[in-house]
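Analysis of the macromolecular model
Here is what each chain is made of, one letter per residue.
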Amino acid sequence: PGEAGRRWRTLLSESQVILHNHPANVDRAALGKPPVNSLWFWGGGALPESIATGVAAIAAEDAQLQALFAHSMAAATGPILEDLRHVRDWQQVEQRIAANQSLTLDFADGARWSLQSSQRWRFWRRPLHRLEA
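Rules behind the numbers
Residues numbered from 1 in each chain as written. Predicted model: local features only at pLDDT ≥ 70, side-chain atom pairs only at ≥ 80, totals over all residues. Heavy atoms only, no water. Helix = DSSP H or I, 4+ residues; strand = E, 2+ residues; numbered from the N terminus. Buried < 20%, exposed > 50% of the residue type's maximum accessible area, 1.4 Å probe, protein only. Contact = heavy atoms within 4.5 Å. Salt bridge = Lys/Arg side-chain N within 4 Å of Asp/Glu carboxyl O. Pairing = 2+ DSSP bridges. 1 Å grid on protein atoms, 1.4 Å probe; cavity = no way out; pocket = protein on both sides within 12 Å on 5 of 7 lines; lining within 4 Å. Points joined across faces, edges and corners; volume = space filled by probe spheres on them. Nonpolar A, V, L, I, M, F, W, Y, C, P; charged D, E, K, R; others polar. Core = buried A, V, L, I, M, F, W, Y, C linked by side-chain atoms within 4.5 Å.

1. Description of the overall build of the protein
Across its full length, the protein carries four helices and six strands. Listing every helix and strand of the protein by position from the N terminus yields α-α-β-β-α-β-β-α-β-β. In the protein, which comprises 133 residues, the share counted as buried stands at 13%. A fraction of 16% describes how many contacts in the protein between residues 6 or more apart in sequence connect residues 24 or more apart.

2. A closer look at the pattern of salt bridges
One pass over the full model with this rule turns up three salt bridges. For R6, the salt bridge goes to E3, with nearest N and O atoms at 2.7 Å. With R6 and E3 both in helix α1 (residues 2–21), this residue pair falls three residues apart, about one helical turn. Here E3 falls in the exposed class, since its relative accessible area comes to 57%.

3. Some points on the pairing of strand β5 (residues 102–106)
Every second residue of β5 is oriented toward a common face, the buried set being L103 and L105 and the non-buried set S102, T104 and D106. Bridge count for β5 against strand β6 (residues 112–116) is five bridges, and the pairing is antiparallel. Bridge assignment links D106 to a residue of β6, and that residue is R112. Here β5 hands over to β6 after five residues, with G110 in that stretch at a positive phi of 100°.

4. Focus on the layout of surface pockets
The computed volume of the largest pocket comes to approximately 880 Å³. At the level of secondary structure, the elements contributing two or more residues to the lining of the largest pocket comprise β4 (80–82), α4 (90–100) and β5. Here the lining of the largest pocket is built from residues that sort into 14 nonpolar, three polar and seven charged.

5. Brief notes about the nonpolar core
Core analysis: the biggest nonpolar cluster contains seven residues, these being L84, V87, V93, I97, L103, L105 and L115. Those elements giving two or more residues to this core turn out to be α4 and β5.

Any link to function would need more than the numbers given here.
Here it is in structure tokens:
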């Protein structure tokens with residue numbers, strides 16, 4: 001609707017012409033694949049002025065995560081968000097639990113586990129073979 005909608009429709013139409021004439025589509029057709037003939041524009045609109053988070057700080061090498069946190073209103077006190085996606089050795093995670101006294105593992109599928117350093121003394125329990133929510 002309005003001027004912004006007209007701009008997006010024009011951009012979509014121009015992108016279809018460019019894709020139709022692109023040499024990659026000739027190669028796709030030669031391989032029997034369907035041509036790429038459109039783009040899906042999603043998320044048009046205005047970003048909010050600010051977002052609030054319950055996290056006080058982050059420890060991450062991911063530039064996108066750092067940028068998102070920099071534009072948020074961080075909590076004065078609270079947990080530190082540590083990006084562990086690159087960690088493949090569980091002993092490194094255990095060291096972080098011992099150093100921080102607790103760690104919350106928050107997974108992309110919504111599962112969340114809170115681990116306390118005192119839990120390592122529960123030697124009478126069987127170890128978990130896998131995490132289940």
